[in-house]
Amino acid sequence: MCFALFFVLLHPKVKYDVIIIGSGLGGLACGVTLSRQGKRVLVLERQWQPGGCMQSYKRQGCMLDTGLHYVGGLDEGQPLHDAFKELGLLDLPWQRLNPEGFDEITIEGKTYRFKQGYGNFVEELAKDFPEEREGLEKYVEMLQTTDELWLQQTNAYDYLRSIIHSPLLISIISGASLKMELRKKTLPLFTFAHGNASFIESSWRLRGDGNMLVKRLTEQIEQQGGEIICHADVTELREQDGRITQAICRDGRTFEADTFISDTHPTVTVNMIKESRLVKKIYRMRMTTMKNTCGMFTLQLKLKPDTLKYFNHNKFVYATSDVWAGMAVEPEHPEVKGVLISCPVNENVNVNANSYAKVIDILTPMKWEYVEQWADKTPGKRGEDYVAMKQDISRQCMALAEQVLPGLSEMVERSYTSTPLTYYTYNNSPQGSAYGLRKDYSNPLGTILSPKTPIPNLFLTGQSLILHGLHGVVMTARYTCEAVLGN
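The rules we used
The numbers attached to residues start from 1 for each chain and follow its sequence in the written order. Owing to the predicted nature of the model, reporting of local features is limited to residues with pLDDT of at least 70; listing and counting of side-chain atom pairs is limited to 80 or more, with chain, interface and lining totals taken over all residues. Hydrogens and waters are ignored; side-chain quantities use all the structure's heavy atoms. Nonpolar cores are built from buried Ala, Val, Leu, Ile, Met, Phe, Trp, Tyr and Cys residues. Side-chain atoms within 4.5 Å join them into one set. When a residue's accessible area, from a 1.4 Å probe over protein chains only, is under 20% of the maximum for its type it is buried; when over 50% it is exposed; and in between it is partly exposed. We call two residues in contact when some of their heavy atoms are within 4.5 Å. Centres within 6.5 Å make a pair out of two Phe, Tyr or Trp rings, where for Trp the six-membered ring is used; the pair is then stacked when the planes are under 30 degrees apart, edge-to-face when over 60, and tilted otherwise. Runs of H or I in DSSP of at least four residues are treated as helices and runs of E of at least two as strands, each being numbered from the N terminus. A positively charged side chain is recorded as over a ring if its NZ (Lys) or CZ (Arg) lies within 6 Å of the ring centre. The angle to the ring normal must also be within 35 degrees. Expected helix span is computed as 1.5 Å times (number of residues minus one). Think of it this way: DSSP has to see at least two bridges between two strands before they count as a pair. Whenever a helix is involved, its axis is fitted only over the stretch in contact; in every case the axis is a line through C-alpha atoms, and angles between N-to-C directions fall within 0 to 180 degrees. Each residue gets one of three labels, nonpolar for Ala, Val, Leu, Ile, Met, Phe, Trp, Tyr, Cys and Pro, charged for Asp, Glu, Lys and Arg, and polar for the others, Gly among them. Orientation is classified from the angle alone, with under 35 degrees giving roughly parallel, over 145 giving roughly antiparallel, 65 to 115 giving roughly perpendicular, and any other angle giving oblique. A crossing counts as left-handed when the near helix is turned anticlockwise from the far one by less than a right angle, and as right-handed when that turn is clockwise. In protein, a polar contact means a hydrogen-donor-capable atom and an acceptor-capable atom, both N or O and within 3.5 Å, with residues adjacent in sequence counting only if both atoms are side-chain atoms; elsewhere, any N or O pair within 3.5 Å suffices. Here, a salt bridge means any Lys or Arg side-chain nitrogen found within 4 Å of an Asp or Glu carboxyl oxygen.

Enquirer: Looking at this structure, I do not really get the nonpolar core. What am I missing?
Expert: Across soluble globular proteins, nonpolar side chains show a tendency to be buried alongside one another. Within the largest apolar cluster, 86 residues are counted, with the highest numbers of intra-cluster contacts made by Y139, F192, L237 and W324. Among residues more than four places away in sequence, those in contact with L237 are I21, I244, Q246, A247, F260, M272, I273, K274 and L458. Membership of the second largest hydrophobic core comes to 38 residues, among which are A83, L213, I228 and L470.

Enquirer: I keep staring at the packing of aromatic side chains and nothing clicks. Help me out?
Expert: What characterises a pair of aromatic rings is the spacing of the ring centres plus the angle enclosed by the ring planes. Counted by the stated rule, this structure contains 12 aromatic pairs. Pairing Y70 with F199 gives two aromatic rings, centres 4.6 Å apart and planes at 45 degrees, and the pair type is tilted. Placement of Y70 in the loop between β4 (62–65) and β5 (71–72) and of F199 in helix α10 (residues 197–201) is noted, with a sequence separation of 129 residues between them. Here the aromatic rings of W368 and Y424 are separated by 5.0 Å at their centres, their planes lie at 50 degrees, and the arrangement is tilted. Of the two residues, W368 is situated in the loop between β17 (359–366) and α14 (384–401) and Y424 in helix α16 (residues 420–426); the sequence distance between them amounts to 56 residues. Overall, the relative accessible area of 9% leaves W368 in the buried class. Within the aromatic cluster, the residues linked to one another by ring pairs are F102, F114, F121, Y139, Y157, F192 and W324. Its end group placed over the ring of F199, K179 keeps NZ or CZ at 4.5 Å from the ring centre.

Enquirer: Sorry, what's going on with helix α18 (residues 469–485) here?
Expert: An α-helical segment advances 3.6 residues per turn. Residues three or four places apart therefore align on the same side. With 17 residues, α18 should cover 24 Å at 1.5 Å per step; its first-to-last C-alpha distance of 24 Å lies within 8% of that length. Turning to α18, its buried residues are L470, H471, G472, V473, V474, M475, T476, A477, T480, C481 and V484.

Enquirer: When you look at the sheet that holds strand β9 (residues 203–206) in this model, what are you seeing that I'm missing?
Expert: Sheets are built from strands paired through backbone hydrogen bonds, the pairs being either parallel or antiparallel. Read from one edge of the open sheet, three strands run β5-β9-β6, paired in antiparallel fashion. Because the sheet does not close on itself, it has two edges, and the strands there are β5 and β6 (94–96). Pairing geometry for β6 and β9, over three bridges, is antiparallel. Across the sheet, residue W94 finds its bridge partner in β9, namely L206.

Enquirer: Looking at this structure, I do not really get helix α4 (residues 118–128). What am I missing?
Expert: Here α4 has its buried residues at Y118, F121, V122, E124, L125 and A126. Packing partners of the buried residues in α4 comprise β8 (110–114), α5 (133–143), α8 (167–173) and α10.

Enquirer: Is there a simple way to explain the environment of G469 in this structure?
Expert: Note on placement: G469 falls in helix α18. Residue class for G469 comes out partly exposed when judged on its relative accessible area of 29%. Distance from G469 to H194, taken between C-alpha atoms, is 9.4 Å for residues 275 residues apart in sequence.

Enquirer: Mind showing me how you'd approach the packing of α5 against helix α7 (residues 156–163) here?
Expert: Between α5 and α7, the least distance of the axes is 9 Å, while the angle of their chain directions is 145 degrees. For the pair formed by α5 and α7, the contact residues are G135, K138, Y139 and M142 on the first element and Y159, L160 and I163 on the second. For the contact of α5 with α7, a count of residues per class yields five nonpolar, one polar and one charged.

Enquirer: Where do I start with the packing of helix α2 (residues 25–36) against α18 in this structure?
Expert: Helix-helix packing: each pair is described by the crossing angle between the helix axes and the interaxial distance. α18 packs onto α2 with a crossing angle of 45 degrees between their chain directions and a minimal axis gap of 9 Å. One finds that α2 runs oblique with respect to α18. Here α2 runs over α18; the crossing is right-handed. Of the residues in α18, those touching α2 at L25, G26, A29, C30, T33 and L34 are L470, V473, V474, A477, T480, C481, V484 and L485. By residue class, the composition of the contact of α2 with α18 is 11 nonpolar, three polar and no charged.

Enquirer: Just checking my understanding: could you explain the side chain of S203 for this structure?
Expert: Summarising the element assignment, S203 is placed in strand β9. S203 gets classed as buried once you look at its relative accessible area, which sits at 0%. Here the side chain of S203 touches F199 through a polar contact of 2.7 Å, landing on its backbone oxygen.

Enquirer: Just to check I follow, could you spell out the pattern of salt bridges for this structure?
Expert: Once their charged atoms are close, side chains differing in charge can pair, the charge on each being opposite to the other. Counted according to the given criterion, the structure contains 23 salt bridges. Of the charged contacts, one joins R40 and E227 as a salt bridge, the two residues approaching to 3.6 Å between their closest N and O atoms. Of the two residues, R40 sits in the loop between α2 and β2 (41–44) while E227 sits in strand β10 (residues 227–229), which places them 187 residues apart along the sequence. Overall, the relative accessible area of 9% leaves E227 in the buried class. The partner of D128 in a salt bridge is K110, with the nearest N and O atoms 2.9 Å apart. Here D128 is found in helix α4, whereas its partner K110 is found in strand β8, with 18 residues between them in sequence. Judged by relative accessible area, D128 falls into the partly exposed class, the value being 36%. Several salt bridges converge on common partners, so that one network encompasses E100, R113, K115, E124 and K127.

Enquirer: Explanation requested: the sheet that holds strand β16 (residues 338–342) in the structure shown.
Expert: Spatial strand order, β8-β7-β15-β16-β17-β14-β18: seven strands in an open sheet with mixed pairing. Each of the sheet's edge strands pairs with one partner strand only, and the pair in question is β8 and β18 (412–418). Neighbouring strand axes in the sheet, compared pairwise and without regard to direction, differ in orientation by 20 degrees on average. Where strand β15 (residues 314–318) lies against β16, four bridges are found, and the strand directions are antiparallel. Looking at the pairing, F316 lines up with L340 of β16.

Bear in mind that shape data such as this cannot, by itself, settle questions of function.
Take a look at the structure:
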């Protein structure tokens, strides 16, 4: 629960064991883990509700998600099973996506299916590319490797070209990667593999909205004696005698703790440290000059009742045959080149009984430069040009979506849009980045961050450190907690 401001002002001064700045998935996961270890935890959130990209919002009676679309690897023995069990998330109402085709990739007018299970994945694609069977088998073998150093130091695109001869097949097996930034020159195989492997093992979406996940995590923190305070915009971390001693909010409130964890972007975190004898200029420069990944444009459609049957998979549709050619909408190329279409499912819907979709989410990558001209404007007051831009991108997204969902435009009751400016404004994400800091296979030590900082009681967590996405953030939170606890 979030405490009202008047209650916070009357709250007696307390020194906490751990203060966590930011209540995204990483911050809440750390809060659950550390509070269970007996730590007195306080989570400070700048917005009016916790959750970050996991939260949902209501429009016209419909709950709309901001970042949760589907997850992979929840079966026993798979990557997220034990982590979700520890966090109390495993028994939420997860809906397994269609094992015979959890992702559908449409390129050049033809649709290809991803089946769950590595062997099934290979067999399905080998039907259309029998001459590439050996390469497909090498691909799924790579997805199961544990040699993280090799994965971090290998270029993803170059690796795919070394085992697959068909450029079309490379695009197909990369076609579900709109949930990361595909860059031919820099993307590590480590990032690519982790962004695809667990979904092939098993894919799931939540029967309900993302607030279910946020509520479960916040309840556990509070049950263990922890606190969550919203409208607490931390602007300064004060250092004294080589340690952070206080988190100071924009409105002047101060909170003290022995240990601090920042679930905000590393650039934002280092800018909170106004004076420090331990944070050297070179570290500040590194944190503030690292490149960010691109942002995301989202079109969310509230559908007319009983117009579109629910589909238990995701659809990826491309206007180009090369998905590595640069998908993000940008000023020089304002065309939508590919979309992810997701079909959220209500908690009470029986997906096996000819149910109908209520909402459709359509996403496409978008560069910060495309919206930067409106960055200094207040949300809702960015002018007619901004509205016209969003309408144009929405039309392009709809045109691609209607390749696989004919007549979709006629089914729409209302639509809602967000751009990288939304991430920038509400999630405090520099340049509206959707995936945090960009990783580079040629400089893994420089682009993969440790949870530890030069200040011994200040730690980092979140998608910018090691891996992005739900899987990456949960794993990173575990590393952060290990660093805090020393085990």
